[in-house]
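As a plain string of letters, each chain reads:
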Amino acid sequence: MLEEVVGKLKNCSKVVVLTGAGISAESGVPTFRGKEGLWGKFKPEQLASMDAFMSNPKIVWEWYNWRRELIAKVRPNAGHVALVNLENMIDEFTLVTQNVDNLHFLAGSKSILELHGNIYRNKCMDCSALYEDEGDINPERIPTCSLCNGKIRPDIVWFGEMLDSDIINRAFLKAEEAELFFVVGTSALVHPAATLPIVAQQHGAILVEINVERTALSDIVDFHFEGKSGQFLPKLVELLKEQIST
Ligand code: BV8
Ligand code: ZN
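Now for a description of the structure that goes with this document. (Residues numbered from 1 in each chain as written. Chains lettered and ligands numbered in written order. Predicted model: local features only at pLDDT ≥ 70, side-chain atom pairs only at ≥ 80, totals over all residues. Heavy atoms only, no water.)

### Looking at the overall build of the protein
If you tally the helices and strands in the protein, you get 11 helices and eight strands. Computed over its C-alpha atoms, the radius of gyration of the protein comes to 19 Å, within 12% of the 18 Å expected for a compact globule of 246 residues. Principal-axis analysis of the C-alpha atoms places the extent of the protein at approximately 60 × 35 × 30 Å. The buried share among the 246 residues of the protein stands at 52%. When contacts within the protein are restricted to residue pairs at least 6 apart in sequence, long-range pairs at least 24 apart make up 66% of them. Put simply, the protein shows about 11,700 Å² of open surface, and 52% of that area lies on carbon and sulfur atoms. Here the protein contributes 24 positively and 33 negatively charged side chains, and the mean placements of these two sets differ by 4 Å. (Helix = DSSP H or I, 4+ residues; strand = E, 2+ residues; numbered from the N terminus. Rg over C-alpha atoms; globule rule 2.2 N^0.38 Å. Buried < 20%, exposed > 50% of the residue type's maximum accessible area, 1.4 Å probe, protein only. Contact = heavy atoms within 4.5 Å. Areas by Shrake-Rupley, 256 points an atom, 1.4 Å probe, with all protein chains shown as cover. Lys, Arg positive; Asp, Glu negative; His and termini not counted. Charge placed at Lys NZ, Arg CZ, Asp CG, Glu CD.)

Encoded structure:
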């Protein structure tokens, strides 16, 4: 199965990889919907939504500060690094991530489309002005925007919020052009991200899923590999290197 995928991959020039929280799990970042997942303790609506921020900005900032501290202590894992190596071997490679943990950037990936924002970026909740160097926010004294006095919030896409139109449009364009589309470490439950692999397949892409369990996509993908991305992706890249050198 893997040889078959790599045999196709070596003849592809347009490859897209969509990642979710699963690719960061082996770095120690909790996923959202797993047993010990983030959503286990909290309800997404309670924390990752504008209503939550409007009604209780303090608890929302406490949650994001807690996640920032946790993520600051972890490093990219072999799965992130394998995607950097893959990017250097493919003519037109696009990494689309749902993750906000900045680990793909830290690993060295270049062409990243961050669909749901970035946990280290802040913005004004009213005029969206960016406050990148704000550092950690004190939940007791949330700063306000110097332009419009709006409260500063994480630059993350919450439930019910539109994604950045330029980013999501580019992601769909790349999905439509893709010859091979990998879906790595995502439960494929959140839209519009989870629509990307479907659009790719509708436009002729081969769909390859890498996950430790079956997901909402598993019945329609062309190849489903059960395994940890940190173990599987390096193997795939090694095999591709061998096949390209022969
Ligand atoms: C929007 C920010 C337009 C918070 C997040 C139908 C169509 C369109 C929209 C909707 C729809 N139905 C409902 C909606 C609305 C909603 C949605 O999709 N809801 C879902 C839950 C049904 N979508 C939205 O609200 C989006 N906006 O649609 O705008 C609009 C606007 C107004 C009105 C209507 C429409 C906004 C979505 C963004 C939400 N924000 N995060 C934060 O992060 O702080 S989403 C959240 O889930 C995370 O960001 C995460 O990225 C995302 C997806 O989760 P996963 O990454 O997949 O993580 P999960 O834990 O679920 O799964 C991990 C997987 O990894 C598992 O499969 C596991 O088996 C696997 N795994 C674990 N370890 C490993 C592994 N795999 C490999 N190796 C391992 N080692
Ligand atoms: Zn403002």
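### Here's the deal with the sheet that holds strand E3 (residues 112-114)
Read across the open sheet, the six strands follow the order E3-E2-E1-E6-E7-E8; overall the sheet is parallel. Pairing within the sheet leaves two strands with one partner each, and these edge strands are E3 and strand E8 (223-226). Between one strand and the next, the sheet's axes are offset by a mean angle of 15°, whatever the strand orientation. As paired elements, strand E6 (residues 180-184) and strand E7 (residues 206-211) share five bridges and run parallel to each other. Residue pairing for E7: Phe 181 is matched across the bridge by Leu 207. Docked against the sheet, helix H7 (residues 78-87) engages strand E1 (14-19), strand E2 (92-97) and E6, running at close to 150° with respect to E2. (Pairing = 2+ DSSP bridges. Axes fitted to C-alpha atoms, helices over the stretch in contact; angles between N-to-C directions.)

### So, the pattern of salt bridges
Enumeration according to the criterion identifies nine salt bridges in this entry. The partner of Arg 121 in a salt bridge is Glu 114, and the shortest N-O contact between them spans 3.5 Å. Residue class for Arg 121 comes out partly exposed when judged on its relative accessible area of 21%. Looking at Glu 114, the relative accessible area reads 17%, which means it is buried. Through salt bridges that share partners, Glu 114, Arg 121, Lys 123 and Asp 155 make up one connected network. (Salt bridge = Lys/Arg side-chain N within 4 Å of Asp/Glu carboxyl O.)

### Some thoughts on unusual backbone geometry
Outside of glycine, negative phi angles account for most residues, and trans bonds account for most peptide bonds. Geometrically, the link from His 191 to Pro 192 is a cis peptide bond, its omega value of 5° lying close to zero. Positioned with a positive phi, Asn 102 is a non-glycine residue whose angle comes to about 70°. Look at Asn 102 and you get buried, because its relative accessible area is 18%. Phi is positive for Ala 188, which is not a glycine, with a value near 55°. Inspection of the secondary structure puts Ala 188 in the loop between E6 and helix H10 (196-202). Under the relative-accessibility criterion, Ala 188 is labelled buried at 9%.

### Quick notes on the coordination of the zinc ion (ligand 2)
Taken together, Cys 124 (SG), Cys 127 (SG), Cys 145 (SG) and Cys 148 (SG) make up the full set of protein donors to the zinc ion (ligand 2), lying 2.2 to 2.3 Å away. The coordination sphere of the zinc ion (ligand 2) comprises four donor atoms, whose angles at the metal cover 96 to 119°; the geometry is tetrahedral. Note on Cys 127: relative accessible area 35%, which makes it partly exposed. (Donors = N, O, S within 2.8 Å, 3.2 Å for Na, K, Ca; no water. Tetrahedral: all angles 85-135°; square planar, octahedral: opposite > 155°, others 65-115°.)

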